[in-house]
Amino acid sequence: MNITQKAQEFIAESENSLHNDSFVKLSLGNYHGADESLKNIYIKKVLIKKEPRLSLTYRHKTRDITKNHTYEEVTGMLAQWLGSDFRVATLQMTDSDVLFEMHPSGKATLKKKAVANRDMPSLSHDKNKNRLISSNGKGYLFDLKITDQQGNVFHNAQDKYRQINHYIDILSSLIREINPGNAVRVADMGSGKGYLTFALYDYLKNVLKLAPEVTGIEFREDLVTLCNQIAQNAGFEGLSFREGTIDQFDAAGTNILIALHACDTATDDAIFKGIEAGSDLIVVAPCCHKQIRRQIEQHKIENDVSFLTRHGIFLERQAEMVTDGIRALVLEYFGYKTKVFEFISDAHTPKNVLIVGTKGKRTEKSQAAALEKIREAKRFFGIEYHHLERLTGI
């Protein structure tokens, strides 16, 4: 279908509004294209590396996809879409609205009406949010190369900054559930460069106004030295980092035990430390599920999911679920209420599974039920033992 005169006029209005700074937003609807899941496209102005761009949010039935383009690229897209893929388009400006519509009869109309003055929207690509960890006045974020000295988040650290706040947001609700008391003790197993460890201490100390004692455990000496220096610079007296491995750490008295992305059975070592210490909260994000996968591959038990596990990628995913499922059952055996959920750190990182154990009461009945489920899972998949099961001796 050739673009109509009305569509050309609509595009001209859009171009003029972009260049005279009256553009507020543009939306496309009444979609008739080939993508059955696409519903609308919403367009706004953003600044990326100080260059003006248009951000297009493709609204699908189950997800949104955002892409950024130059003004000229979007003009070309509108020329292709209007009257064809999209039958309705609305341009909002600071002083007026313009509505393009292609009717079932094939007739196109263009209506313009004045509106009360609108404020210009922010051009910030990352919306300002009420973050639990602000970037202002945080010396440790500067030392960790997340911000400059004025508290501005570096462009290449935006993902990490969002990840930090997403992590603290999750932990904040879990901490409220357990009410750990003023003198809370936290162990972060495999703390790495300490991004999340620093943020958690900051949140506990300066947001919740507690008196935390937070310890990061890391086997790389250079990172331990670096993090201890940054903690000293920040005046974080209750935060320290120790060189060592998870299985070497004495977790006695720890209220909250955390292990993010501890590889393979190191996650089991961390969970065991938490169980052994009677921690109120155990939070782990496992990775590299090798121990159980090797046993499933070795024994090749025929079961109801064999048609899936004969494929390597499905076997890998199945091994991950079985490994983490048994971890949750072991926690339940010891009286922990468990949650296993998928979280996304930010838009540019893969999904992760988080296993959360909140200390509760255990009974003989609940222990027997958890133990039977563990045994059933082992029989079904041909598993001789789970490392956490062996550590705890159940």
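Here the residue numbering is sequential within each chain, running from 1 through the sequence in written order. Selection of residues for local features in this predicted model requires a pLDDT of at least 70, selection of side-chain atom pairs for listing and counting requires 80 or more, and totals for whole chains, interfaces and linings are taken over all residues. Only hydrogens and water are set aside; all other atoms, that is, all heavy atoms of the structure, feed into the side-chain values.

J.: Break down the pattern of salt bridges for me, with residues and values.
T.: By definition here, a salt bridge exists when the distance from a side-chain nitrogen of Lys or Arg to a carboxyl oxygen of Asp or Glu is within 4 Å. Counting across every chain of the model gives 14 salt bridges. Of the charged contacts in the structure, one is a salt bridge between Asp159 and Arg162, with a shortest N-O distance of 2.5 Å. Linking Asp159 with Arg162, this pair stays in helix α4 (residues 158-178), spanning 3 residues, or about one helical turn. Connected through shared salt-bridge partners, Asp268, Asp324 and Arg327 make up one network. Labels follow the DSSP assignment, with helices taken as runs of H or I lasting at least four residues and strands as runs of E lasting at least two, numbered in each case from the N terminus.

J.: Describe unusual backbone geometry, and please don't skip the residues or the numbers.
T.: A negative phi angle characterises most non-glycine residues, just as the trans form characterises most peptide bonds. Of note in the backbone geometry, His261 takes a positive phi value of approximately 65° without being a glycine. Mapped onto the secondary structure, His261 falls in strand β11 (residues 256-263). Phi is positive for Cys288, which is not a glycine, with a value near 55°. Structurally, Cys288 can be placed in the loop between β12 (281-287) and α8 (290-299). Note on Cys288: relative accessible area 35%, which makes it partly exposed. Classification of residues uses two cut-offs on accessible area relative to the type maximum, computed with a 1.4 Å probe and protein chains only: under 20% is buried, over 50% is exposed, and between them is partly exposed.

J.: Now, about the pairing of strand β8 (residues 185-189): what can you tell me, with residues and values included?
T.: In terms of burial, β8 is a largely internal element, 4 of the 5 residues being buried. Each pair of strands is called paired provided DSSP finds at least two bridges between the two strands. Here β8 pairs with strand β9 (residues 213-218) via 5 bridges, running parallel. Paired with Met189 across the bridge in β9 is Ile217. A crossover counts as right-handed when, viewed with the strands pointing away from the observer, the path leading from the first strand over the helix to the second turns clockwise. In the classification by handedness, the crossover that spans β8, the intervening helix α5 (residues 195-207) and the parallel β9 is right-handed. Both β8 and β11 contribute to a ladder of 4 bridges, which runs parallel. Of the residues in β11, the one forming a bridge with Met189 is Ala259.

J.: Outline the packing of aromatic side chains, supporting the account with residue identities and numerical values.
T.: Pairing of aromatic rings covers Phe, Tyr and Trp, the last counted by its six-membered ring, and requires centre-to-centre distances within 6.5 Å; plane angles under 30 degrees mean stacked, over 60 mean edge-to-face, and any other angle means tilted. Inspection of every chain in the model, using the stated rule, returns 11 aromatic pairs. Plain terms: the ring middles of Phe10 and Phe100 are 6.2 Å apart, the flat faces sit at 55° to each other, and that makes the pair tilted. Here Phe10 is found in helix α1 (residues 5-19), whereas its partner Phe100 is found in strand β6 (residues 96-102), with 90 residues between them in sequence. Assessed through its relative accessible area of 0%, Phe10 is described here as buried. Plain terms: the ring middles of Tyr201 and Phe236 are 4.8 Å apart, the flat faces sit at 45° to each other, and that makes the pair tilted. Taken together, the positions of Tyr201 in helix α5 and Phe236 in the loop between α6 (221-234) and β10 (239-243) put the pair 35 residues apart, joining distant regions of the chain. You'll find Tyr201 and Phe236 in the same group, each marked buried. Counting every residue linked through ring pairs, the aromatic cluster contains Tyr140, Phe198, Tyr201, Phe236 and Phe241. Definition used: whenever NZ (Lys) or CZ (Arg) falls within 6 Å of the ring centre and also within 35 degrees of the ring normal, the charge is taken to sit over that ring. Between the NZ or CZ atom of Lys67 and the centre of the ring of Tyr58, over which it lies, the distance is 5.5 Å. Lying over the aromatic face of Tyr385, Arg390 brings its terminal NZ or CZ to 3.6 Å of the ring centre.

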